[in-house]
Amino acid sequence: MNFSVNAMNPAFSGTMLIPYSELQKKGNESHETMRQLGQETAKFAKPEDMQVTKDGILVKVDDAKEKEYQAIIAKYGINIQKVDTPITKNDNADLSTYTFMVNKLDPQNAKARAEKYAQMKEPDKSKEYINVYNQFKQSPYATEKPAEK
């Protein structure tokens, strides 16, 4: 009997990685491209089937839709990779998101800020998160920010 790795561990099949390096190649277009990728990805995956990682964005796509998803994403000039990385449940989603935002806004102090944030108690923690979120939303890194023409 022959078994493939995917047959033995089907939870990993269909996991795609959208590498940040691919978005960086797009330069100034990357924010608009990210918005378009998000819209396309939402057709194929639920929010709980996506995860931001240090290498890029993981997306769990149904095996039956994998080739279709790859073709749609390829039209934006982005090469996605099939990986054997499961989507993990993140109990510290707010810390992960906060860390991601401060890494973009203040890379020199990001680690210290994230550590301080992790030690905060409510309501200060919520206030800090909202403050950073609002700064991020206005920054060139935000996908919600309209593309400038």
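Rules used in this analysis
Residues numbered from 1 in each chain as written. Predicted model: local features only at pLDDT ≥ 70, side-chain atom pairs only at ≥ 80, totals over all residues. Heavy atoms only, no water. Buried < 20%, exposed > 50% of the residue type's maximum accessible area, 1.4 Å probe, protein only. Helix = DSSP H or I, 4+ residues; strand = E, 2+ residues; numbered from the N terminus. Pairing = 2+ DSSP bridges. Salt bridge = Lys/Arg side-chain N within 4 Å of Asp/Glu carboxyl O. Phe/Tyr/Trp six-rings, centres within 6.5 Å; stacked < 30°, edge-to-face > 60°. Lys NZ or Arg CZ within 6 Å of the ring centre and 35° of its normal.

Attention now goes to the pairing of strand β1 (residues 15-19). Most of β1 is tucked away: five of the five residues are buried. Covered by surrounding structure in β1 are Thr15, Leu17 and Pro19 together with Met16 and Ile18, the residues of both alternating faces. Relative to strand β4 (residues 81-82), β1 runs antiparallel, the two sharing two bridges. Among the inter-strand pairings, Met16 is bridged to a residue of β4, identified as Lys82.

Under the criterion given, the structure shown has seven salt bridges. A salt bridge links Glu66 to Lys67, with the shortest nitrogen-to-oxygen separation between them at 4.0 Å. Linking Asp106 and Arg113 is a salt bridge whose minimum nitrogen-to-oxygen distance equals 3.3 Å. With a relative accessible area of 22%, Arg113 lands in the partly exposed category. By sharing partners, the salt bridges in this structure join Glu40, Lys43 and Lys75 into a single network.

Below, the discussion takes up the pairing of strand β3 (residues 56-60). Within a regular beta strand, the side chains point alternately toward one face of the sheet and then the other, so they alternate between its two faces. Along β3, four of the five residues are buried, which leaves the element largely enclosed by surrounding structure. Taken together, the five bridges between β1 and β3 define a ladder with antiparallel strand orientation. Note that in β3 the partner of Ile18 across the bridge is Ile57. Sheet analysis places strand β2 (residues 50-52) next to β3, joined by three bridges and oriented antiparallel. Across the sheet, Val52 pairs through a bridge with Ile57, a residue of β3. Between β2 and β3, which pair antiparallel and follow one another directly, the connecting turn spans three residues.

To continue, consider the packing of aromatic side chains. Counted according to the given criterion, the structure contains five aromatic pairs. With 4.0 Å between their ring centres and 10° between their planes, Tyr98 and Tyr117 make a pair best called stacked. Linking Tyr98 in helix α5 (residues 93-105) with Tyr117 in helix α6 (residues 110-119), this pair joins segments that are 19 residues apart in sequence. In terms of burial, Tyr98 and Tyr117 fall into one category: buried. An aromatic cluster of three or more residues is present, and its members are Tyr20, Phe100 and Phe136. We note Lys104 situated over the ring of Tyr20; from NZ or CZ to the ring centre the distance is 6.0 Å. Above the ring of Tyr117, the side-chain terminus of Lys125 is found at 5.1 Å from the ring centroid.

The values are spatial; any link to function lies outside them.
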